[in-house]
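Spelled out, the chains give:
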Amino acid sequence: MDYSQFFNTALNRLHDERRYRVFADLERIAGRFPHATWHSPRGSRNVVIWCSNDYLGMGQHPKVVGAMVETATRVGTGAGGTRNIAGTHHPLVQLEAELADLHGKEASLLFTSGYVSNQTGISTLAKLIPNCLILSDALNHNSMIEGVRQAGCERQIFRHNDVAHLEELLIAAGPDRPKLIVCESLYSMDGDVAPLGKICDLAEQYGAMTYLDEVHAVGMYGPRGGGIAERDGVMHRIDIVEGTLAKAFGCLGGYIAGRAEVIDAVRSYAPGFIFTTALPPAICSAATAAIRHLKTSNWERERHQDRAARTKAILTAAGLPVMSSDTHIVPLFVGDPEKCKRASDLLLEDHGIYIQPINYPTVAKGTERLRITPSPYHDDGLIDALAEALLQVWDRLGLPLHQKSLAAE
Ligand SMILES: *Cc1c(COP(=O)(O)O)cnc(C)c1O
């Protein structure tokens, strides 16, 4: 039996569909974000990263790095066990308290990643609710889709951010059926935001529970960085908030926060929580430092929004096809997988600008894009250089520009 052929066939399929992924070998330079070294096939080069999810540069903040180093030096590296078997260490307990406070909830529970928190969190919650019907937004992240799938219960998909469709499904389910609404607050490929107030209204009216992924909003929105739910004043109406420590908090790990009995039940039943080693103490201390800093410092949030707005304005004025976005995400429309990959390659090789192409299946076919994420540290000079580089690449690939007068509208 030629087993290799199975894998080669699978890989060739990706090459044929122009969605074989190539990773850039990067080395970030602490204190110089967004500058990094790219270990290219032809040697090392300095590049500017324009697609990092370390949205606020907290992964290099002196307080965060300091906390990580101090804790590793004091208590060592690994947790040494699962939560149940010697792995519940003090920095982790402190971090869970910090997260519960961030979201104004009774308790929180930490997982290895945001992915795992959705996958094992959603499936465990839904399995504990008899005859649960899951109502899931059409554009939910893969980790939520996997959580819903593993729940094994009935699920219905509502059109993206369409509260009228959600209401139809809630009515059809009837008042006696337990229902779990699963959605994100900020969808990171388009940069649009869910109508959380209306979703909470519906959940209360029709007796549904709500599970909200705030992965792309925690740290960045709300007066204390609690997310869109905090910004919109609906945090207390959301049953379960899920977030990551790996994006704006610059570390690693995921969590859910909610009422004590809900969190205790997930703690007690979720396989993806129980049967894996706890996060290392140094990571937990670093995450706590990042959360604490962002609870009181607004500088990063304000500067982040300012940089995103300027990037959108400069690129739009240059005639580049910036897709409309209400948030810090700046998607640039390409609409072709081959050209999207080529644009990304040219930016990196000719201009030292790193923006990973976003192709199917992350986004729908025909909507391939460059997803740009300005941070507080992308200064005016970097933004202007980005616009200039993009114009050259657009010209080289024959990609369309808007009329400048139209773009200004
Ligand atoms: C990145 C992401 C996750 C996963 O979080 P990690 O901590 O990176 O595993 C979950 N949900 C959404 C919407 C994401 O974009």
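Residues numbered from 1 in each chain as written. Predicted model: local features only at pLDDT ≥ 70, side-chain atom pairs only at ≥ 80, totals over all residues. Heavy atoms only, no water.

### Describing the nonpolar core
- Within the largest apolar cluster, 56 residues are counted, with the highest numbers of intra-cluster contacts made by L110, I181 and L245.
- For this core, the element with the highest residue contribution is helix α12 (residues 281-296), accounting for seven residues.
- Other than its neighbours up to four places away in sequence, L110 contacts R83, L92, L95, E96, L99, L245, G254, Y255, F273, L279 and C284. (Core = buried A, V, L, I, M, F, W, Y, C linked by side-chain atoms within 4.5 Å. Buried < 20%, exposed > 50% of the residue type's maximum accessible area, 1.4 Å probe, protein only. Helix = DSSP H or I, 4+ residues; strand = E, 2+ residues; numbered from the N terminus. Contact = heavy atoms within 4.5 Å.)

### Concerning the site of the ligand
- Surrounding the ligand, one finds 14 residues, the nearest of these being G114, D213, H216, T244 and K247.
- In the model, a nitrogen atom of the ligand is placed 2.7 Å from a nitrogen or oxygen of the D213 side chain.
- Counting residues per element, the shell around the ligand draws most heavily on helix α5 (residues 114-128), at three residues. (Near = heavy atom within 4 Å. Polar contact = N/O pair within 3.5 Å; in protein donor to acceptor, adjacent residues only side chain to side chain.)

### What to know about the confidence of the model for the protein chain
- Residues at a pLDDT of 70 or more form 98% of the protein chain, whose mean pLDDT is 97.
- Confidence scores differ between elements of the protein chain, with helix α16 (residues 404-407) showing the lowest mean pLDDT of 48 and strand β12 (residues 254-258) the highest of 99.
- Confidence drops under pLDDT 50 across residues 405-409; counting only partners more than four residues distant or on other chains, this segment forms three contacts. (pLDDT = per-residue confidence, 0-100.)

### What to know about the packing of aromatic side chains
- In this structure the tally under the stated criterion is four aromatic pairs.
- Relative to F6, the ring of Y3 lies with its centre 6.0 Å away and its plane at 75 degrees, an arrangement referred to as edge-to-face. Of the two residues, Y3 and F6 both sit in helix α1 (residues 3-16), three residues apart, roughly one turn of that helix.
- Judged by relative accessible area, F6 falls into the partly exposed class, the value being 40%.
- Ring centres of F33 and Y377 lie 6.4 Å apart, and the angle between their planes is 85 degrees; this geometry places the pair in the edge-to-face category. On the criterion of sequence distance, the pair formed by F33 in the loop between β1 (26-28) and β2 (35-40) and Y377 in the loop between β16 (369-372) and α15 (380-397) is long-range, its members being 344 residues apart. (Phe/Tyr/Trp six-rings, centres within 6.5 Å; stacked < 30°, edge-to-face > 60°.)

### Considering the sheet that holds strand β3 (residues 43-49)
- Read from one edge to the other, the open sheet built from four strands follows the order β1-β2-β3-β14, with strand pairing classed as mixed. Each edge of the open sheet is held by one strand with a lone partner, namely β1 and β14 (353-354).
- Here two bridges tie β3 to β14, and the two strands are oriented parallel to one another. Across the sheet, V48 pairs through a bridge with I353, a residue of β14. (Pairing = 2+ DSSP bridges.)

### A word on unusual backbone geometry
- With omega at 10 degrees, the peptide bond leading from F33 into P34 counts as cis.
- Relative to the elements of secondary structure, P34 occurs in the loop between β1 and β2.
- P361 follows Y360 through a cis peptide bond whose omega is 5 degrees.
- Note that P361 resides in the loop between β15 (357-358) and β16.
- Here the phi dihedral of R18 falls at roughly 60 degrees; this positive angle occurs in a residue that is not glycine.
- Within the secondary structure, R18 sits in the loop between α1 and β1.
- By relative accessible area, R18 is classed as partly exposed at 42%.
- Located in the positive-phi region is N131, a residue other than glycine, with phi close to 55 degrees.
- Inspection of the secondary structure assignment puts N131 in the loop between α5 and β5 (133-137).

### Here's the deal with the sheet that holds β16
- With respect to topology, three strands assemble into an open sheet ordered β13-β16-β15, the strand pairing being antiparallel. Bordering the open sheet on either side are β13 (330-333) and β15, each of which pairs with just one other strand.
- Bridge count for β13 against β16 is four bridges, and the pairing is antiparallel. Counterpart to L332 in the pairing with β16 is L370.
- Contacts from helix α13 (residues 299-317) reach β13 and β16 within the one sheet, and its direction differs from that of β13 by about 20 degrees. (Axes fitted to C-alpha atoms, helices over the stretch in contact; angles between N-to-C directions.)

### Observations concerning the packing of helix α14 (residues 337-351) against α15
- Where α14 meets α15, the closest approach of the two axes is 10 Å, and the angle between their N-to-C directions is 130 degrees. Accordingly, the angle class assigned to the pair α14 and α15 is oblique. Handedness of the α14/α15 crossing: right-handed. Residues K339, R342, A343, L346, L347, D350 and H351 of α14 lie in contact with α15, whose contacting residues are A389, L390, Q392, V393, R396 and L397. (Parallel < 35°, antiparallel > 145°, perpendicular 65-115°, else oblique. Left-handed = near helix turned anticlockwise from the far one by under 90°.)

### Describing the layout of surface pockets
- By volume, the largest pocket is sized at about 1600 Å³.
- What lines the largest pocket is a set of 47 residues, and nearest its centre among them are R21, M189, P357, I358 and T362.
- Those elements giving two or more residues to the lining of the largest pocket turn out to be β2, α6 (142-151), α14, β15 and β16.
- If one sorts the elements of the lining of the largest pocket by residue count, α14 sits on top with five residues.
- Here the lining of the largest pocket is built from residues that sort into 22 nonpolar, 13 polar and 12 charged.
- A volume near 170 Å³ is recorded for the second largest pocket.
- Surrounding the second largest pocket, 15 residues form its lining, G114, Y115, H141, V215 and K247 being those nearest its centre. (1 Å grid on protein atoms, 1.4 Å probe; cavity = no way out; pocket = protein on both sides within 12 Å on 5 of 7 lines; lining within 4 Å. Points joined across faces, edges and corners; volume = space filled by probe spheres on them. Nonpolar A, V, L, I, M, F, W, Y, C, P; charged D, E, K, R; others polar.)

### Considerations on α5
- For α5, which comprises 15 residues, the first-to-last C-alpha distance of 21 Å matches the rise-based estimate of 21 Å (1.5 Å per residue) to within 8%.
- Burial analysis of α5 places 11 of its 15 residues in the buried class, which makes it a mostly covered element.
- When α5 is considered as a whole, its buried residues turn out to be G114, V116, S117, N118, T120, G121, I122, S123, T124, L125 and A126.
- Sitting at the amino-terminal end of α5 is S113, which places a side-chain oxygen 3.2 Å from the backbone nitrogen of Y115. (Expected span 1.5 Å × (residues − 1).)

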